[in-house]
Amino acid sequence: MKKYTFLDLAVVNAPYEKAMTEAVGRVITSGRYIGGSEVAAFEAGLSAALGVDHVVAVANGLDALRLIVRAYMELGRLKPGDEVVVPANSFVASALAVSDCGLEVRFADVDPDTYNLDWDKMPCGPKVKAVMPVHLYGRVCVVPEDIRQRYVVIEDSAQAIGARGACLMGHAAGMSFYPTKNIGALGDAGAVITPSEEVAAVVRSLGNYGTDRQYHNIYMGLNSRMDPVQAAMLRVKLAAMDHENSIRRERAGIYDAHINNQLIELPKMPDDPETHVWHQYVVRVADGRRDEFRRFMESRGVETAVHYPCPIHRQPCYASRYSGLSLPVAERLAEEVVSLPVSRGTSVDDALEISAIVNEFE
Ligand SMILES: *Cc1c(COP(=O)(O)O)cnc(C)c1O
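Since this is a predicted model, take the numbers as computed values, not measurements.

S.K.: Sorry if this is basic, but what is going on with the pattern of salt bridges here?
M.R.: Any two side chains of opposite charge can pair, given that their charged atoms come close. Within this structure, the stated rule accounts for 29 salt bridges. Ionic pairing is found between R66 and D100, a salt bridge with its closest N-O pair at 2.7 Å. On the criterion of sequence distance, the pair formed by R66 in helix α4 (residues 61-74) and D100 in the loop between α5 (93-99) and β3 (104-108) is long-range, its members being 34 residues apart. Residue D100 is classed as partly exposed on the basis of its relative accessible area, which comes to 47%. Between E292 and R289 there is a salt bridge, and its shortest N-O distance comes to 2.8 Å. A single salt-bridge network, built from bridges that share partners, covers D113, E265, K268, R284, R332 and E336.

Put into structure tokens, the structure is as follows:
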């Protein structure tokens, strides 16, 4: 029986192997293993690719978000005890970035059509000072203008690199280059992007021990820098960002056109296709039949995944604190969502075959 793997990173990286090998060689012979021209060139490349003024390369996506929160604290815009709104249907890192800095998370419910933060249900109150919209699954979470005026808006763009409008609807955004992301490194890597020179400077300093010049520390910072090896890998991959995203968009288009099964609810296509980069193609199976559907797909050779099986406010590390909180859409999504394969490793024919298999589920 033919196997359809969910995500094979060796296949994803195969077209870049030669260029990546050369790039690693360049780093080895450079003798520069922290910072230097490779990281600077990656920052310049990302800045050009996304059309943002300031890019700071950091160690991973969680640190990108943490450093933004810390920077706003150092700048006096946020302080311990302030509340930050975070959608409950996300990867746990969105909330951890807030909690780790001593701020309070206010979990928000999400929109059942976009899976993104539902602004109509946004928690408010005098202590809410910031909001972290997540462009979940690669779909832009549009931030209303009044929200941008009222709050510090820190975007979690980890899944949405290259989505039109995703990376900088607010004041700063965190990106991740974790290997499974649309543009993935060969290890951990992340970046902060912002139009603010001031925020960028504080983030850069905080990620380098709070240093402003050598052996002079103005903040109690941390060590969160992108390795030149990862920067070199990412320079190779970044050049193909639009191409990689178009591959995912094509797979999503095939599912949208060919899956036709009343038991399977498809994600809504955005009006502007460029506003979605399909980090995941997430369908819904209602009536408690999600796991049955996954077993059926597995029996036909198709690997699926669940993003995410537990909303963040129900994770053991948060559950006792938020036990009284009910967020019905996020809680229902956690029981119904299934991700179908959309990476380069899934060919057009594979996507057509997978669609036919989905249509056989009854
Ligand atoms: C991957 C991811 C992160 C964290 O990125 P890392 O590089 O793994 O630290 C944060 N938020 C979301 C939504 C993610 O998908």
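After presenting the structure, the write-up continues.
S.K.: Help me understand the site of the ligand in this model?
M.R.: Taken together, 13 residues lie near the ligand, and G61, D156, Q159, S176 and K181 sit nearest. Within the backbone of L62, a nitrogen or oxygen atom sits 2.8 Å from an oxygen atom of the ligand. Across the complex, the protein chains shield 92% of the 380 Å² of accessible surface that the ligand would expose by itself. The residue inventory of the shell around the ligand, partitioned by class, reads six nonpolar, five polar and two charged.

S.K.: I keep staring at the packing of α4 against helix α7 (residues 197-206) and nothing clicks. Help me out?
M.R.: When two helices pack together, their arrangement is given by the angle between the helix axes and by the axis-to-axis distance. Remark: α4 packs on α7, axes separated minimally by 9 Å, with the N-to-C direction vectors making an angle of 115°. By the angle between their directions, the pair α4 and α7 is classed as roughly perpendicular. Handedness of the crossing formed by α4 with α7: right-handed. On α7, the residues that touch L67, I68, R70, A71, Y72 and E74 of α4 are V199, V202, V203 and L206. In terms of residue class, the contact of α4 with α7 is made up of eight nonpolar, no polar and two charged.

S.K.: How should I be thinking about the sheet that holds strand β11 (residues 281-285) in this particular structure?
M.R.: Strands belonging to one sheet form pairs held by backbone hydrogen bonds; the direction of such a pair is parallel or antiparallel. Across the sheet, which stays open at both edges, the three strands sit in the order β10-β11-β12 with antiparallel pairing between neighbours. Of all strands in the sheet, those bounded by a partner on one side alone are β10 (264-265) and β12 (337-340). Pairing of β11 with β12, which is carried by four bridges, proceeds in the antiparallel orientation. Each residue of the ladder has a partner; that of R284, found in β12, is V337. Along the sheet face, helix α12 (residues 328-336) touches β11 and β12 and points at about 95° away from the line of β11.

S.K.: Hey, could you run me through the side chain of K181 in this one?
M.R.: Secondary-structure assignment places K181 in the loop between β6 (172-176) and β7 (190-194). Comment: no salt bridge for buried K181; closest opposite-charge side chain is D156, at 6.8 Å. Dropping the residues within four chain positions of it, K181 is found in contact with A158, S176, R248 and H279.

S.K.: Help me understand the environment of F91 in this model?
M.R.: Here F91 shows up in the loop between β2 (83-87) and α5. Exposure remark for F91: the relative accessible area of 44% places this residue in the partly exposed category. With 43 residues separating them in the primary sequence, F91 and V134 have C-alpha atoms 9.2 Å apart. Once you skip the residues sitting within four places of it in the chain, F91 turns out to touch Y308 and I312.

S.K.: Just to check I follow, could you spell out the state of the cysteines for this structure?
M.R.: Note on terminology: disulfide describes a covalent bond linking the sulfur atoms of two cysteines. Applying the stated criterion across every chain, the model contains zero disulfides. Here C310 stays unpaired: no disulfide links it, and the sulfur of C317, its closest cysteine neighbor, is 8.9 Å away.

S.K.: Looking at this model, I keep getting lost on helix α10 (residues 290-299). Mind explaining?
M.R.: Every α-helical turn comprises 3.6 residues, leaving residues that sit three or four positions apart pointing alike. Those residues of α10 not exposed but buried are R290, F293, F296 and M297. One side of α10 carries all its buried residues, which in axial view fall inside an arc of 120°. Elements that come into contact with the buried residues of α10 comprise β10, β11, α12, β12 and α13 (348-360). The first or second residue beyond α10 is G301, which carries a positive phi of 90°.

Rules and cut-offs
Residues numbered from 1 in each chain as written. Predicted model: local features only at pLDDT ≥ 70, side-chain atom pairs only at ≥ 80, totals over all residues. Heavy atoms only, no water. Salt bridge = Lys/Arg side-chain N within 4 Å of Asp/Glu carboxyl O. Helix = DSSP H or I, 4+ residues; strand = E, 2+ residues; numbered from the N terminus. Buried < 20%, exposed > 50% of the residue type's maximum accessible area, 1.4 Å probe, protein only. Near = heavy atom within 4 Å. Polar contact = N/O pair within 3.5 Å; in protein donor to acceptor, adjacent residues only side chain to side chain. Areas by Shrake-Rupley, 256 points an atom, 1.4 Å probe, with all protein chains shown as cover. Nonpolar A, V, L, I, M, F, W, Y, C, P; charged D, E, K, R; others polar. Axes fitted to C-alpha atoms, helices over the stretch in contact; angles between N-to-C directions. Parallel < 35°, antiparallel > 145°, perpendicular 65-115°, else oblique. Left-handed = near helix turned anticlockwise from the far one by under 90°. Contact = heavy atoms within 4.5 Å. Pairing = 2+ DSSP bridges. Lys, Arg positive; Asp, Glu negative; His and termini not counted. Disulfide = S-S within 2.5 Å. Arc of directions from axis to C-beta.

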